[in-house]
Amino acid sequence: MKKSVLFGALTVAGVAAGAASAGTLDDVKARGKLNCGVTTGLVGFAAPDANGEWKGFDVDVCRAVAAAVLGDGTAVEFVPTTGKTRFTALASGEIDLLARNTTWTFSRDVDLKFEFVGVNYYDGQGFLVPKELGVSSAKELDGATVCIQTGTTTELNLADFFRSNNISYEPVPIETNAEGQQQYLAGACDAYTTDASGLASTRATFEDPTAHVILPEIISKEPLAPLVRHGDNEWADVVRWTLNALIAAEELNVTSANLGELAAGTENPEINRLLGTEGTLGEMLGLDADWAQKAITAGGNYGEIFAKNIGETTPIGLARGLNAQWTDGGLLYAPPFR
């Protein structure tokens, strides 16, 4: 058996995140455009389509923020970033927001001085292998070579997993998902390890997805979250509560289809506060009263965004699982809008 495993890497970026210049909200308004950092290309999460238009789960988060702030979900400049460059791009001010399959960790929050605004996808690290390899468990990968996407949390997770199971591997560093996919399909690696959602996305692009298997082990917690710079609480609040608005809208059955009707007023005070027909929540954020309406209009509520980009009816085929609403046994839970 050829022993080569493709894995996504943790090289916690050696970047110094500078303090945010207070006023990102004002900067975005003055510029008339949100600069949003995304991946270099991960189908279902963030990738340009045949016409060059960015689409995906993370892309729709960017569009929702742009709509909330600027009233236009298309007023976004998408900046592709790698695992290595993403933190530098955010710390330097090149981007206003990073929405790019980034795991919320202690050191990134505290040491690199970023502000994670809430989890938008609960994930975990897995392994993808060719079916013909005959492997049914990651514990059978002793002696395999493993490709690692540098600058990600997966490198240390992988080392921990192999060490704790007393098996060995040989790392093969890669920088982007596209490079990893190419190496894997060329036979340079026996397996690809990264976030399980990323594996599902990658496999969906293969000529024959059924020839590849995602192994059952999930070896880590990967809470993926949008993030901004420390030191600009006003901007962090805008991004945090835009994400919360998408989550709360699903829980409250506010959709892109019924939004117009509900915006005329309902018997539910929280829906009214969310949509700006009661209270002054928009004013508190420095936004228009209907900021959440605009955010929801851009791509739908959280459930709509999930379903159209990565859900079970898409080629990615992800079940809601942990990403279901708390009322359905999942972990999604938006604080109250009051």
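First, a word on scope: everything that follows refers to the structure included in this document. For clarity, every value in this text was computed on a predicted model and none was experimentally measured.

Conventions used here
- Residues numbered from 1 in each chain as written.
- Predicted model: local features only at pLDDT ≥ 70, side-chain atom pairs only at ≥ 80, totals over all residues.
- Heavy atoms only, no water.
- 1 Å grid on protein atoms, 1.4 Å probe; cavity = no way out; pocket = protein on both sides within 12 Å on 5 of 7 lines; lining within 4 Å.
- Points joined across faces, edges and corners; volume = space filled by probe spheres on them.
- Helix = DSSP H or I, 4+ residues; strand = E, 2+ residues; numbered from the N terminus.
- Nonpolar A, V, L, I, M, F, W, Y, C, P; charged D, E, K, R; others polar.
- Buried < 20%, exposed > 50% of the residue type's maximum accessible area, 1.4 Å probe, protein only.
- Pairing = 2+ DSSP bridges.

Looking at empty space enclosed by the protein
Okay, step 1: One pass over the full model with this rule turns up 1 cavity of 30 Å³ or more.
Okay, step 2: Estimates place the volume of the largest cavity at around 220 Å³.
Okay, step 3: Looking at the largest cavity, it is lined by 18 residues, and the ones nearest its centre are Arg100, Asn101, Gln149, Thr194 and Asp195.
Okay, step 4: If one sorts the elements of the lining of the largest cavity by residue count, strand S12 (residues 191-195) sits on top with 3 residues.
Okay, step 5: Its residues placed into classes, the lining of the largest cavity shows 2 nonpolar, 11 polar and 5 charged.

Digging into the pairing of strand S10 (residues 144-149)
Okay, step 1: Of all the 6 residues making up S10, 6 are buried; the element is thus mostly covered by neighbouring parts of the structure.
Okay, step 2: Every second residue of S10 is oriented toward a common face, with Ala144, Val146 and Ile148 on one face and Thr145, Cys147 and Gln149 on the other, all of them buried.
Okay, step 3: Here S10 pairs with strand S11 (residues 169-174) via 4 bridges, running parallel. Along S11, the bridge assignment pairs Gln149 with Ile174.
Okay, step 4: Relative to S12, S10 runs parallel, the two sharing 2 bridges. The residue bridging Cys147 from the neighbouring strand is Tyr192, located in S12.

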